[in-house]
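Commentary on secondary and tertiary structure
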Amino acid sequence: MYSQGLDQRDGRHDGANTAEPAEALARFQARIDAEEKIEANDWMPDAYRRTLIRQISQHAHSEIVGMGPEGNWITRAPSLRRKAALLAKVQDECGHGVYLYAAAETLGVSREELVDALLEGRAKYSSIFNYPTLTWADIGAVGWLVDGAAIMNQIPLCRCSYGPYARAMIRVCKEESFHQRQGFEIMLTLSRGTAAQQAMAQDALDRLWWPVLMMFGPPDTDSQHSDQSMRWKIKRFTNDGLRQKFIDATVPQAQYLGLTIPDPALRFDDASGHWISGPIDWAEFRRVLAGGGPCNRERLETRRRAHAEGAWVRAAAQAHAARHEAKAA
Ligand SMILES: [Fe+2]
Ligand SMILES: [Fe+2]
């Protein structure tokens, strides 16, 4: 069910926006400061609405596109147990996409608009999904690192000021936690296996480490939206703050696995108690975001084909709903 009821904002709210913006903004900020949740029908500044639509839809697109690199390995999983876990994980990601599109729709945008923006290449999704999954170890590393980074980013979103997004994140985070564990378990099995398996695990870490650090977004000094999002309590931590938390949590896990983080400059700083990373290649990040990553074209082609092949399902569902409505009338 789409939320067309919310497509038109009611006149009272729009009136408040134009007639007394300063007062309305102050009231809005006071609610945020008091940790009240903002709900779909509450007045909100247009920029808050636009920020959330952008963020939630990018998040939804990432979940959907993110099924690609892992779906690639379902038919080649090394055992029935691994296949069942991977199937469940990929289905979870689809579910995350669906909750998130629904959360975005509460802000007055339709799912069709959002999906069209993705398919036409106007919308962004996480840069990490433009990298290939070349070996089975990549499935372990994706679960361990990509889902691990997603948890770091999403746990604070459970306290996001926008109610529908915050509530969707609670279930999503529980599932991401399972994803991270299944990935770590694959890495543990490989790193305790033969020399060839250990080398495969190390190779996956070598290729994915830096792209995973880039998942947290540009450094705080370059982040366009960070300050306002922090004031509105959409974000609770800056990009660099979350990246640091992730590095601090992950370095000891790599040590436990007996793997080497591919960063010769990585060092533990006694004074701050943090692992300090070497420089990140932001030129690569910008290149991948702009469409120049190894798999950008393939990912979008896959989505376009899936959308086209699903046209008959959407048509059938609409015909079924129309018949039910006609019967009810
Ligand atoms: Fe997910
Ligand atoms: Fe996940």
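Note: the structure precedes this text.
All of the points below concern the structure found in this document. Within each chain, residues carry numbers counting from 1 in the order of the written sequence. Think of it this way: whatever chain is written first is A, whatever ligand is written first is 1, and the rest follow in order. Only residues with pLDDT of at least 70 are given local features in this predicted model, and only at 80 or more are side-chain atom pairs given and counted; all residues enter the totals for whole chains, interfaces and linings. Hydrogens and water are ignored here; the side-chain numbers use all heavy atoms of the structure.

1. A word on the overall build of the chain
Condition: Secondary structure follows DSSP: runs of H or I at least 4 residues long count as helices, runs of E at least 2 residues long count as strands, and numbering of each begins at the N terminus. As a reference, a globule follows 2.2 Å times the number of residues to the power 0.38, and the radius of gyration itself is taken over C-alpha atoms. For every residue, the accessible area obtained with a 1.4 Å probe (protein chains only) is divided by the maximum for its type, and the residue is called buried under 20%, exposed over 50%, and partly exposed between those limits. For this analysis, residues touch if any pair of their heavy atoms sits within 4.5 Å. Only the protein chains shown count as cover for residues, and the accessible areas themselves come from Shrake-Rupley with a 1.4 Å probe. Positive charges are assigned to Lys and Arg, negative charges to Asp and Glu, while His and the chain termini are left out of the count. Charged groups are reduced to one reference atom each: NZ for lysine, CZ for arginine, CG for aspartic acid, CD for glutamic acid.
Of the regular secondary structure elements, the chain holds 14 helices and two strands. Against the compact-globule benchmark of 20 Å for 329 residues, the chain has a radius of gyration of 21 Å, which places it among compact chains. Taking the principal axes of its C-alpha atoms as reference, the chain extends roughly 65 × 55 × 35 Å. Buried positions account for 48% of the 329 residues belonging to the chain. Sequence-distant contacts in the chain: of pairs separated by 6 or more residues, those separated by 24 or more amount to 78%. Summing over all exposed atoms, the chain offers an accessible surface of approximately 16,400 Å²; the carbon and sulfur share of this is 56%. Taken together, the 40 basic and 41 acidic charged side chains of the chain have centroids lying 3 Å from each other.

2. Concerning helix H11 (residues 239-257)
Going by this rule: Expected span of a helix: the number of residues minus one, times 1.5 Å.
End to end, H11 covers 27 Å across 19 residues, agreeing with the expected 27 Å (1.5 Å per residue, within 8%). Where H11 is buried, its residues contact helix H7 (136-154), helix H8 (163-191), helix H9 (195-214), strand S2 (274-276) and helix H12 (282-292). Looking at the residues trailing H11, positive phi occurs at Gly258, about 75°.

3. Some points on the nonpolar core
Cut-off, in case you're wondering: We define the nonpolar core as a collection of buried residues of types Ala, Val, Leu, Ile, Met, Phe, Trp, Tyr and Cys that are connected through side-chain atoms lying within 4.5 Å of one another.
By size, the foremost hydrophobic cluster in this structure holds 81 residues, and its most contacted members are Tyr48 and Tyr162. Once residues lying within four places of it in the same chain are set aside, the contact partners of Tyr48 are Phe28, Ile32, Ile38, Ser161, Tyr162, Trp232 and Ile234.

4. Focus: the packing of aromatic side chains
Basically, it comes down to this: Any two of the Phe, Tyr and Trp rings considered here, Trp counted by its six-membered ring, make a pair once their centres fall within 6.5 Å; the pair's planes then place it as stacked at under 30 degrees, edge-to-face at over 60, or tilted in between. Criterion for a charge above a ring: Arg CZ or Lys NZ at most 6 Å from the ring centre, at most 35 degrees from the ring normal.
Counted according to the given criterion, the structure contains ten aromatic pairs. Ring centres of Trp144 and Phe184 lie 6.1 Å apart, and the angle between their planes is 70°; on these two criteria the pair is classed as edge-to-face. Here the residue Trp144 occupies a position in helix H7, and Phe184 occupies one in helix H8, the gap between them amounting to 40 residues. Residues Trp144 and Phe184 agree in their burial class; the two are buried. Between Phe216 and Phe246, the aromatic rings sit 5.4 Å apart at their centres with planes inclined by 50°, giving tilted as the arrangement. Of this pair, Phe216 sits in the loop between H9 and helix H10 (226-231) while Phe246 is found in helix H11, placing the two residues 30 residues apart along the sequence. We classify Phe216 as buried; its relative accessible area is 8%. Cluster of aromatic residues (ring-pair linked, three or more members): Phe28, Trp43, Tyr48 and Trp232. In this arrangement the basic side chain of Arg76 is found over the ring face of Trp73, its NZ or CZ atom lying 3.9 Å from the centre.

5. Quick notes on the coordination of the iron ion (ligand 1)
Put simply, the ideal angle at a metal is 109.5 degrees for four donors in tetrahedral geometry and 90 or 180 degrees for six donors in octahedral geometry. The following threshold applies: Distances decide who is a donor: an N, O or S atom must be within 2.8 Å of the metal, or within 3.2 Å for Na, K and Ca. Water is not included, so sites may look incomplete. For a four-donor site, all angles between 85 and 135 degrees give tetrahedral; for four or six donors, opposite pairs above 155 degrees with the remaining angles between 65 and 115 give square planar or octahedral; all remaining cases count as irregular.
Note on the iron ion (ligand 1): its protein donors are Glu63 (OE), Glu93 (OE), His96 (ND1) and Glu176 (OE). The metal-donor distances range over 2.0 to 2.2 Å. One can describe the donor arrangement at the iron ion (ligand 1) as irregular, given that its four donor atoms subtend angles of 86 to 143° at the metal. Within one chain, the residues donating to the iron ion (ligand 1) are spaced in sequence as E-x29-E-x2-H-x79-E. A separation of 3.4 Å is found between the iron ion (ligand 1) and the iron ion (ligand 2), which are bridged by Glu93. One end of the pair is Glu93 and the other is His96, both in helix H5 (residues 80-105) and three residues apart, which spans about a single turn. Owing to a relative accessible area of 5%, Glu93 belongs among the buried residues under this scheme. Residue classification places His96 among the buried residues on the basis of a relative accessible area of 0%.

6. What to know about the coordination of the iron ion (ligand 2)
Ligation of the iron ion (ligand 2) by protein atoms is provided by Glu93 (OE), Asp147 (OD), Glu176 (OE) and His179 (ND1), these donors lying 1.9 to 2.2 Å from the ion. Viewed at the metal, the four donor atoms of the iron ion (ligand 2) are separated by angles of 90 to 157°, and the geometry they form is irregular. The motif formed by the donor residues of the iron ion (ligand 2), counted along the single chain, is E-x53-D-x28-E-x2-H. Judged by relative accessible area, which is 0%, His179 ranks as buried.

7. Some remarks on the packing of helix H6 (residues 111-119) against helix H13 (residues 296-309)
Condition: The convention used is that axes are lines fitted to C-alpha atoms, helices contributing only their stretch in contact, and that angles between N-to-C directions extend from 0 to 180 degrees. Each angle is binned into one of four classes, with values under 35 degrees roughly parallel, values over 145 roughly antiparallel, values of 65 to 115 roughly perpendicular, and all other values oblique. Following the grouping adopted for this structure description, the nonpolar residues are Ala, Val, Leu, Ile, Met, Phe, Trp, Tyr, Cys and Pro, the charged ones are Asp, Glu, Lys and Arg, and the polar ones are all others, Gly among them.
Across the interface, H6 lies against H13 with an axial gap of 9 Å and an inter-helix angle of 135°. In this view, H6 runs oblique relative to H13, as classed from their interaxial angle. Of H13, the residues touching H6 (which contributes Val115, Leu118 and Leu119) are Leu300, Arg303, Arg304 and His307. The class makeup of the residues in the contact of H6 with H13 is four nonpolar, one polar and two charged.

8. Some thoughts on the packing of H13 against helix H14 (residues 311-328)
Between two packed helices, what matters for the description is the angle formed by their axes and the separation of those axes. Two elements in contact, H13 and H14, have axes whose closest approach is 4 Å; the angle formed by their N-to-C orientations is 40°. As summarised for this structure, H13 and H14 are arranged oblique, according to the angle between their axes. Residue-level contacts link His307, Ala308 and Glu309 of H13 to Ala311, Trp312 and Arg314 of H14. A breakdown of the residues in the contact of H13 with H14 according to their chemical character gives three nonpolar, one polar and two charged.

9. Re the side chain of Lys89
Structurally, the position occupied by Lys89 is in helix H5. If near-sequence neighbours (up to four positions away) are discounted, Lys89 is found in contact with Glu70, Gly143, Asp147, Phe178, His179 and Gln182.

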